[in-house]
Amino acid sequence: MTLKFPNHILLTTDAVGGVWSYSLELARALERWGVRVELAVLGPAPNEDQRASANQLHGVTLHVTGCALDWTADSPKALAQSSAQLAELAASCVVDLVQLHTPALASQSLFSVPLVAVMHSCVGTWWEAVRGGALPPELAWRANAVAAGLRAADAVVAPSQAFADLVRQVYGPMTQMRVVHNGRTGPEAHSSGRPSSSRNGVLAIGRLWDEGKNISFLDRVAGRLRHVPFLAAGALCAPGGGSAVLNTIKHLGILNDAGIAKAMDAARIFASSALYEPFGLTALEAAQAKLPLILSDIPTFRELWGDAAVFLPPRDEDAWATTLTELHARPEECRRLGEKAHAKASHYTTDGCARAMRDLHAVLLSGGTLTAPAGSSSQRRPPSAGRQVLRDNRSGSRAAAHPSDRPRD
């Protein structure tokens, strides 16, 4: 089969977290191959730095749609309106293909071109990993929208095998799912290359308001460290309400790429005690900055980092306090672990991710179909199937603090 590569695509994103970084770097890579990208932002508008970064790309047209995301929409009707507006945008721009950053956006509208849905995260898998049990009604309809979108998509992409397994656990088997590891351009341009002995402190980065990031746990751990500074960067307040409180960790605020690179260059250790992580771009960035990785022992981190990280139970304060204290006192060991992480990070590049996505686009545009990979089920989830986690639960199960508790990698 002769592959037909795309010339013009619609790529959706949001400006809240790692999805923005993924989308912009993918758009930048596609631009180099002559692909025009209509970059549609849903949810909160991008800030000035984000707009400037997007506007630097000549092959990218930025559309700030104002449409609701599945985790900010207040009703199925609002989500359906977002989906319909995206379908109209795709038709008006006459794109070859649509890549959505969440399958939920495919649940209400029919697109006339091949449709790729990337599972960066979702309420169903977040709830399974962080809370467990049946979803409350205000989240169940959002998970049902994801389930419908998964059935509608021509291809579904997960950023790790561990997350793909979790998606199948929650939503059922599907033949059209593929794993494409995320990539990230390293922070070397901002790095001074300072030795580990002159670096100081433990650094955490992410959406600090997201319960799945488990920052309250690290804040308690920080209170048990002696003579070891603990710093964190990222938003404390969720876009739609809710917030995290740091009693011990020093908050650096919300940093741009250069600020994050500078913070990583100054720190001695990177820590993430996440309970839920489909991929973990900040861990990749830290590894690229040659920081040793102290990570929660969850399947995603095990898959991606293997023997290049130290894994600890995400709820064991004693283990974290002891490990961070002892490792911080050994700068040479930090250097050795940082070098191992840096070597492993070379497997996860923007170019590799972009090439895999472009090849997948080409298969769909060329009329190819996706078959079940070895070891996976060949049966697609029927529309009527569903686990209890996707059903409305009227029994008073504890709900998320706000719909925007939906995480972003």
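Note: the structure precedes this text.
Anyway, here's the lowdown on the structure attached to this text. Computed from a prediction, not measured in an experiment: that's the story for all the values here.

Points about the packing of aromatic side chains
Logical step 1: Counted under the stated rule, the structure contains six aromatic pairs.
Logical step 2: Ring centres of W71 and W209 lie 6.4 Å apart, and the angle between their planes is 20°; on these two criteria the pair is classed as stacked. One end of the pair, W71, is in the loop between β3 (60-64) and α3 (76-93); the other, W209, is in the loop between β8 (202-205) and α7 (215-222), and 138 residues separate them in sequence. Take W71 and W209: they sit in the same class, and that class is buried.
Logical step 3: Taking the centre distance of 5.9 Å and the plane angle of 85° together, the rings of F217 and W320 count as edge-to-face. With F217 in helix α7 and W320 in helix α11 (residues 317-328), this residue pair connects regions lying 103 residues apart in the sequence.

A short note on the sheet that holds strand β7 (residues 177-179)
Logical step 1: The seven strands are arranged β3-β2-β1-β4-β5-β6-β7 in an open sheet whose pairing can be described as parallel. With partners counted over all chains shown, the strands left at the sheet margins are β3 and β7, one partner each. Across the sheet, the mean angle separating the axes of adjacent strands is 20° when strand polarity is ignored.
Logical step 2: The sheet contact formed by strand β4 (residues 97-100) and strand β5 (residues 115-118) spans three bridges and is parallel. Residue pairing in the sheet places V98 in a bridge with L115 of β5.

What counts and how
- Position labels on residues start from 1 in each chain and follow its written sequence.
- Selection of residues for local features in this predicted model requires a pLDDT of at least 70, selection of side-chain atom pairs for listing and counting requires 80 or more, and totals for whole chains, interfaces and linings are taken over all residues.
- Think of the side-chain values as coming from all heavy atoms in the structure, minus any hydrogens and water.
- Centres within 6.5 Å are what make two rings of Phe, Tyr or Trp a pair, Trp counting through its six-membered ring; a difference in plane orientation under 30 degrees is then read as stacked, over 60 as edge-to-face, and the rest as tilted.
- Working definition: helices are DSSP H or I runs of at least four residues, strands are E runs of at least two. Numbering for both runs from the N terminus.
- Residue burial is assigned from relative accessible area. The probe radius is 1.4 Å, only protein chains are included, and a residue is buried under 20% of its type maximum, exposed over 50%, and partly exposed in between.
- DSSP bridges decide pairing: two strands pair if at least two such bridges lie between them.
- Throughout, an axis means a line fitted to C-alpha atoms (over the contacting stretch in the case of helices), and angles, computed between N-to-C directions, take values from 0 to 180 degrees.

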